[in-house]
Amino acid sequence: MSSLSRELVFLILQFLDEEKFKETVHKLEQESGFFFNMKHFEDQVQAGEWDEVERYLGGFTKVEDNRYSMKIFFEIRKQKYLEALDRQERAKAVEILVKDLKVFASFNEELFKEITQLLTLDNFRQNEQLSKYGDTKSARNIMLIELKKLIEANPLFRDKLAFPSFKSSRLRTLINQSLNWQHQLCKNPRPNPDIKTLFMDHSCTPNANGSRPPPTNNPLVGPIPKASAFPPIGSHGPFQPVVSPSPGAIAGWMSSPNPSMPHPAVAAAPPGLVQPSSAAAFLKHPRTPTGVTGMDYQSADSEHLMKRIRTGPAEEVSFSGVMHSSNAYSQDDLPKSVVRTLSQGSNVMSMDFHPQQQNILLVGTNVGDVSLWELGSRERLVHKPFKVWDIQTASMPLQTALVNDATISVNRCVWGPDGLMLGVAFSKHIVQIYTYNPTGELRQHLEIDAHVGGVNDIAFAHPNKQLCIVTCGDDKVIKVWDAVAGRRQYTFEGHEAPVYSVCPHYKENIQFIFSTAIDGKIKAWLYDCLGSRVDYDAPGLWCTMMAYSADGTRLFSCGTGKDGESHLVEWNESEGAIKRTYSGFRKRSSEVVQFDTTRNRFLAAGDEFQIKFWDMDNTNVLTAVDADGGLPASPRLRFNKEGSLLAVTTTDSGIKILANNDGVRLIRMLESRAMEKNRGTSDPINTKPLIVNALGPIGNVSNAVAPTLERADRIQPAASISSLGNMENSRLVDVKPRIPDDLDKIKSWKILDIADPSQMKALRLPDSTTAGKVVRLMYTNNGLALLALASNAVHKLWKWPRNDRNNPSGKATAYVVPQLWQPPNGILMANDVNDNKPAEESTACIALSKNDSYVMSASGGKVSLFNMMTFKVMTTFVSPPPAATFLAFHPQDNNIIAIGMEDSTILIYNVRVDEVKTKLKGHQNRITGLAFSQTLNILVSSGADAQLCVWSIDGWEKKKTRFIQAPTGWQSPLVGETKVQFHNDHTHLLVAHESQIAVYDSKLDCLRSWSPKDALAAPISCAIYSCDGLLVYATFCDGAVGVFDADSLRLRCRIAPSAYIPSFSLSSNPSYPLVVAAHPSEPNQIAVGMTDGSVHVVEPSDAELKWGGTPSQDNGPSNSSNPSASGQASELPSR
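Quick word on the overall build of the protein
Next, step 1: Of regular secondary structure, the protein possesses 15 helices and 59 strands.
Next, step 2: For the protein, with 1135 residues in total, the buried portion stands at 58%.
Next, step 3: About 45700 Å² of surface is accessible on the protein, with carbon and sulfur atoms providing 50% of the total.

Some thoughts on the pattern of salt bridges
Next, step 1: Across all of its chains, the model carries 41 salt bridges by this definition.
Next, step 2: Measuring nitrogen to oxygen at the nearest pair gives 3.8 Å for the salt bridge that ties K113 to E109. Here the residue K113 and the residue E109 both occupy positions in helix α7 (residues 109-117), the gap between them amounting to four residues, near one helical turn.
Next, step 3: The class for K113 is partly exposed, based on a relative accessible area of 41%.
Next, step 4: One salt bridge connects E977 with R926, and the closest N-O pair in it is separated by 4.0 Å. One end of the pair, E977, is in the loop between β47 (958-963) and β48 (979-982); the other, R926, is in the loop between β43 (915-920) and β44 (927-933), with 51 residues separating them in the sequence.
Next, step 5: On the accessibility criterion, E977 (33% relative accessible area) is partly exposed.

Details of the sheet that holds strand β18 (residues 543-548)
Next, step 1: Reading across from one edge, β18-β19-β20-β21 is the order of the four strands in this open sheet, with antiparallel pairing throughout. Since the sheet does not close on itself, it has two edges, and those belong to β18 and β21 (577-582), each with one partner. Sheet twist, expressed as the average angle between the axes of neighbouring strands with direction ignored, equals 30°.
Next, step 2: When strand β19 (residues 555-560) meets strand β20 (residues 566-572), the two strands line up antiparallel, connected through six bridges. The partner of F556 across the bridge, within β20, is E570.

Some thoughts on the environment of T61
Next, step 1: Position of T61 among the secondary structure elements: in the loop between α4 (50-57) and α5 (67-86).
Next, step 2: For T61, a relative accessible area of 0% puts it in the buried group.
Next, step 3: One polar contact links T61 to S69, side chain to side chain, over a distance of 2.5 Å.

Re the packing of aromatic side chains
Next, step 1: Taken as a whole and judged by the stated rule, the model has 26 aromatic pairs.
Next, step 2: Between F74 and F104, the aromatic rings sit 5.3 Å apart at their centres with planes inclined by 80°, giving edge-to-face as the arrangement. Placement of the pair is F74 in helix α5 and F104 in the loop between α6 (90-101) and α7, with a sequence separation of 30 residues.
Next, step 3: Overall, F74 belongs to the buried group, its relative accessible area being 2%.
Next, step 4: An aromatic cluster is defined as three or more aromatic residues linked by ring pairs; in this entry it consists of F10, F34, F35, F163 and F166.
Next, step 5: The side chain of R6 reaches across the aromatic face of F34, ending 4.9 Å from its centre.
Next, step 6: A cation over a ring is seen here: K799 above W821, with NZ or CZ 3.9 Å from the ring centre.

Overview of α5
Next, step 1: With 20 residues, α5 extends 28 Å between its outermost C-alpha atoms, agreeing within 8% with the 28 Å of an ideal straight helix rising 1.5 Å per residue.
Next, step 2: Burial within α5 is extensive, with 18 of its 20 residues counted as buried.
Next, step 3: Taking the backbone nitrogen of Y68 as reference, a side-chain oxygen 3.0 Å away marks N66 as the first, capping residue of α5.
Next, step 4: Looking one or two residues beyond α5, the residue adopting positive phi is Q88, at roughly 60°.

Some remarks on the sheet that holds strand β31 (residues 760-764)
Next, step 1: Spatially, β31-β58-β57-β56 is the arrangement adopted by the four strands of the open sheet, whose pairing is antiparallel. At either margin of the open sheet sits one strand with a lone partner, and together these are β31 and β56 (1073-1078). Mean inter-strand twist for the sheet, computed between neighbouring axes without regard to direction, equals 20°.
Next, step 2: Examined bridge by bridge, β31 and strand β58 (residues 1095-1100) share five bridges and lie antiparallel to one another. Counted as the bridge partner of A762 is V1098 from β58.

Re α4
Next, step 1: Among the residues making up α4, those that are buried are W50, V53, E54, Y56 and L57. Summarising the axial view, the buried residues of α4 lie within an arc of 160°, below the 170-degree limit, and thus occupy one face.
Next, step 2: Summarising the contacts, the buried residues of α4 are in contact with α2 (22-32), α3 (38-46), α5 and α8 (136-153).

Details of the environment of G922
Next, step 1: Within the secondary structure, G922 is located in the loop between β43 and β44.
Next, step 2: Accessibility expressed as a relative area gives 16% for G922, which makes it buried.
Next, step 3: For G922 and C949, which are 27 residues apart along the polypeptide, the C-alpha to C-alpha distance reads 7.3 Å.
Next, step 4: Sequence-distant contacts of G922, that is, excluding residues within four places in its chain, are made with Q947, C949, W951 and K958.

Some words on the packing of α3 against α8
Next, step 1: Put simply, α3 and α8 touch, their axes get as near as 10 Å, and they point 150° apart. As summarised for this structure, α3 and α8 are arranged roughly antiparallel, according to the angle between their axes. Crossing geometry of α3 relative to α8 is assigned as right-handed. Contact with α3, carried on its side by M38, F41, E42, V45 and Q46, involves R140, N141, M143, L144, L147, K148 and I151 of α8 and no other residues of that element.
Next, step 2: Of the residues contributing to the contact of α3 with α8, the split by class is seven nonpolar, two polar and three charged.

So, the environment of D474
Next, step 1: Looking at where D474 falls in the secondary structure, it is placed in the loop between β11 (468-473) and β12 (477-482).
Next, step 2: Using a relative accessible area of 36% as the deciding quantity, one classes D474 as partly exposed.
Next, step 3: Here the side chain of D474 touches G454 through a polar contact of 2.9 Å, landing on its backbone nitrogen.

Side note on the packing of α5 against α8
Next, step 1: Their axes nearest at 9 Å, the elements α5 and α8 cross at an angle of 170°. Considering their axes alone, α5 and α8 lie roughly antiparallel with respect to each other. The segment α5 lies against α8, with Y68, K71, I72, E75, I76, Q79, E83 and D86 engaging T136, A139, R140, M143, E146, L147, L150, I151 and A153.
Next, step 2: Of the residues that constitute the contact of α5 with α8, the class distribution is nine nonpolar, two polar and six charged.

Things to note about the pairing of strand β22 (residues 595-598)
Next, step 1: Residues of β22 alternate between two faces, with F595 and T597 on one and D596 and T598 on the opposite face, all of them buried.
Next, step 2: The antiparallel hairpin formed by β22 and strand β23 (residues 602-607) contains three residues in its connecting segment, where R599 sits at a positive phi of about 55°.

Here's the deal with the side chain of H354
Next, step 1: Secondary-structure assignment places H354 in the loop between β2 (348-353) and β3 (360-365).
Next, step 2: On the basis of relative accessibility, which here comes to 0%, the residue H354 falls in the buried class.
Next, step 3: Here the side chain of H354 touches Q356 through a polar contact of 3.0 Å, landing on its backbone nitrogen.
Next, step 4: A polar contact of 3.0 Å, which involves the side chain of H354, links it to the backbone nitrogen of Q357.

Structural notes on the pairing of strand β33 (residues 785-790)
Next, step 1: In terms of burial, β33 is a largely internal element, six of the six residues being buried.
Next, step 2: Neither face of β33 is exposed, since A785, L787 and L789 on one face and L786, A788 and A790 on the opposite face are all buried.
Next, step 3: The pairing of strand β32 (residues 774-779) with β33 spans five bridges and is classified as antiparallel. Paired with V774 across the two strands is A790, which belongs to β33.

Quick word on the confidence of the model for the protein
Next, step 1: For the protein, per-residue confidence averages 78 on the pLDDT scale, and residues scoring 70 or more make up 78% of the total.
Next, step 2: Counting interchain partners and residues more than four positions distant, the pLDDT-below-50 stretch residues 208-252 has 101 contacts.
Next, step 3: Predicted confidence is poor over residues 1110-1134, with pLDDT under 50, and the contacts of this stretch with residues over four places away or in other chains come to 109 contacts.

Examining the nonpolar core
Next, step 1: Counting residues in hydrophobic clusters, the biggest one holds 42 residues, and the most contacted among them are F36, F41, L57, I76, Y81, L82 and L101.
Next, step 2: Where this core is concerned, the elements lending two or more residues are α3, α4, α5, α6, α7 and α8.
Next, step 3: Here the element with the most residues in this core is α5; it accounts for 10 residues.
Next, step 4: Not counting chain neighbours up to four residues away, the residues in contact with Y81 comprise A93, I96, L97, L101, I115, T116, L118 and L119.
Next, step 5: Grouped together as the second largest cluster of nonpolar side chains are 22 residues, F386, L422, I430 and Y436 included.

Conventions used here
- As a convention, each chain's residues are numbered from 1 in the sequence order in which they are written.
- The predicted nature of this model means local features are confined to residues of pLDDT at least 70 and side-chain atom pairs, given and counted, to a pLDDT of 80 or more, with totals for whole chains, interfaces and linings taken over all residues.
- Hydrogens and water are ignored here; the side-chain numbers use all heavy atoms of the structure.
- Helix numbering and strand numbering both begin at the N terminus, where a helix is a DSSP run of H or I of at least 4 residues and a strand a DSSP run of E of at least 2.
- With a 1.4 Å probe rolled over the protein chains alone, any residue whose accessible area is under 20% of its type maximum counts as buried; one over 50% counts as exposed, and the rest are partly exposed.
- Method for areas: the Shrake-Rupley scheme with a 1.4 Å probe, in which residue coverage is limited to the protein chains shown.
- Salt bridges are defined as contacts in which a side-chain nitrogen from Lys or Arg sits within 4 Å of a carboxyl oxygen from Asp or Glu.
- Strand pairing is assigned whenever DSSP identifies at least 2 bridges connecting the two strands.
- Only C-alpha atoms enter the line fits that serve as axes; for helices the fit covers just the stretch in contact. Angles between N-to-C directions range over 0 to 180 degrees.
- The definition of a polar contact used here is a pair of N or O atoms within 3.5 Å, where within protein one atom must be able to donate a hydrogen and the other to accept one, and adjacent residues in sequence count solely through side-chain atom pairs.
- Between rings of Phe, Tyr and Trp, where Trp is taken as its six-membered ring, a pair exists when centres lie within 6.5 Å; planes separated by under 30 degrees are stacked, by over 60 edge-to-face, and by other angles tilted.
- Criterion for a charge above a ring: Lys NZ or Arg CZ within 6 Å of the ring centre, and within 35 degrees of the ring normal.
- Here the expected span of a helix is defined as 1.5 Å times the quantity of residues minus one.
- Each direction from the helix axis to a C-beta atom contributes to the arc, which is the arc of those directions.
- Contacts were defined at the residue level, with two residues in contact if any of their heavy atoms lie within 4.5 Å.
- For classification purposes, an angle smaller than 35 degrees is called roughly parallel, one larger than 145 roughly antiparallel, one from 65 to 115 roughly perpendicular, and anything else oblique.
- For any helix crossing, the convention is left-handed if the near helix is rotated counterclockwise from the far helix by under a right angle, and right-handed if that rotation is clockwise.
- Asp, Glu, Lys and Arg are counted as charged, while Ala, Val, Leu, Ile, Met, Phe, Trp, Tyr, Cys and Pro are counted as nonpolar; the rest, among them Gly, fall into the polar class.
- Residue-level confidence of the predictor, termed pLDDT, takes values from 0 up to 100.
- For this analysis, a nonpolar core means a set of buried residues of the types Ala, Val, Leu, Ile, Met, Phe, Trp, Tyr and Cys, connected via side-chain atoms within 4.5 Å.

Dropping the structure here:
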């Protein structure tokens, strides 16, 4: 259905509502699936009209669509079942159990058994979980709260919960305009035409005397039947225009500027900021946030896309117990246990966790010191006392201020979004910018004499895709600086009091800055020097800080007035008004209360010698903790990016680290690895401290490759929290490798050869389906399943059972046999095939959505989009010829897909609008690999022509090409399938060809390469990074597997085919791996897909734990690592 047809449905819905055709309105809502009327849904639930409730829901979703939908239907049917039991209608309850609830038994058999046992009770309230069940009305209301949250979270309802905003009687207005136009075209227009029908075009009949009256431009509003009978829109309730506050932004505030504003209002801005299609448009069409994992396929502009094709956020919804849960989170998600106490030595003024290395804490103090702490070892990695780097170039006001009073404090310290830079704002004039290198060293980068007086806040922003520094100060000014050269780019003047804080943000393509001053004024600025766009009063009218939720959709502020009253509020950006005020603060506070947000769900603030937590959707305090005492009246605090750790200041010039269960596990892992490193260190002179990346294990760095640090006797621990890396779509965590520059000093590893099954653990996955070569293989992102695509175009999915004794996590493992899973209907997930070319002869490709709900795949025919829960084809697109040969998702927009084609071109395809945006040409043979780098803002492609091409993501122009070089003994030029995959740092590139594996840098210069030789002499069939980026796994055409060190490409371990294929030596036609997949969180586990159609999961034995022996000190270095660019919302000022 076209977008105009969709809008016509909304016009008809408005017309029907205004005419009070209530049943017809809701029937059209249901059949079109364009607008979910929450008010109608609530009324039906409260009335217990369960059949109508499910019928109405059925227009928008089905039970099996996704976990949110499944939970919605489960809650409704469970309530219907409980009500039947409450009325003692046993027969009805049994009918509901068998017909309605039985479908959920396959997903949670224990829960279904528990529900069934309620039939044996005289009163189901005897069940402990249902003991608080009240009457029917209250139970329905409780359920409604849960249902509304599930519906709002369900991606299938996205953009369907708010009716478009347009004027009343819009359909009649359009008809009037049409009739006026028809009247203008009349040969004999009458002054007062009589409109008697709309079934035919209007035409005035000639006058009796044949004369032609003068034309008229009067609108034809009078003769329309019942024109006066139409009430204004909204009078009937459900169709009142609504703009959801969640996607709100500065544009909403700009649309109704304060009349008393002393600065240019929005009308004075450039046309792009005045027209609804630009600055205000994104208020109605919010950008999908970075963190939210999910793809959006629904578009009314594409008649190929079904109305339910939409993936959602990565959070999974699981069945609760029999009782209703209030929300999807629990207090266990909050960090409340004290796991570390750090002694800083002076009062802590500001803290910030590294955006990637979540065990690294940046601290600034009241004496100007800047420190870096590593939480696993409790060691202070860096300590920088304050000093002016170049006093000779300092301004006279700064020199005078330092002479009059040498004391200086850190007002704010914050990491840059990529973790490679940090900024410090001081209480006198200056900001200092450091760069942070992979070994943990801080290097002086910029010193800026930024403001007259104190610099009260500092933040990083990306206006015009350029990293900038935003500062504010006592001089009532906000300034924006180039982060590379330190040049001032913008100055924003308009505050009448010292500026207390800044909060840069963006919505769609609109970049802006919120600022607050100590007179309580909130202003907003665009990067155009045209003055502030809003002028509002903050609660308390004094010191206020602002922050967005992590997904950028909700805006909060927290502040304290001069009277000591503290205020924590959520803003409705579309109106510039306070949406919600949180309660629970003490009456008088002597300091400004500090706050932070986490997990898009919780707020935390320091008050009354405690940390108080709120659910964002509840104004009452959720809980409070005192961190075992020792906190000041208003402690400063800061969450890490994942919300698993919380840093809190103490009265004794220290810091306490609080953790939830995930945080406790992380700290324990860091601690144990630190102990192992210390026990294994024989010569501390030859080791350098490692800055631990919480995303992967790290080895020691030798003098040959590590720069000198402040302390040389420190061995840092490492953590291992990682995500899936796959050659097919490069879903890797961010870890940057260190490529050693001096390989002459590195001695070879002790190579382990594994030839016997007893030396490792291998499992052949059960498979009763028709055999076909496994041509594509990948783990799901959660690590719980394996997905294979065979040469016959059929997908296979293995899921591992969760077992408290053998496999409590339910993750893939070689120690537990999985199930070859299919939906209850037995349907196969099979690709479309080309009738003119067998699937076995076609190139297959596959890509999985980030939340594991959808898979995009092709086997020579159209590209198919499958629902992973039902195996159903949701849509198909890009018909051959030519056929698709490789698929990759755009890193910033999941609606954009790069599709490598058989004819050597690359299509940049927008799924939302079903349109090819551009076609890239540069290869001479089919495309065999695609890899995006968000850090470098490029796409790298590889083809069967053994050529690498680099394309700019911005304009899709070709930046560079290079053919891979033939090793000794191979005929040049090379041809054949070439694969590419970016390392976790998105800077270094792994290239795999049958002749070699190689690591390239961002300039396509080959840094390292390895060619088949000795015990691994067969051609290479596939290669991939481990999930932590420290290993490279390569499979060979003789069945062997090689495990290489990712830095040096030195062979660590050879796995002979006899080790994982017991009958290998007896086979006359032995199979070998065509593809290899790396587990998303177990760096030593891989899966291989074979030419005989089998899939094997391989991992070290319990005795080894990892591949190959650990080198001794004189065997050379292991890897160091560094985080890559990844955004994190800036902390608000802590002073």
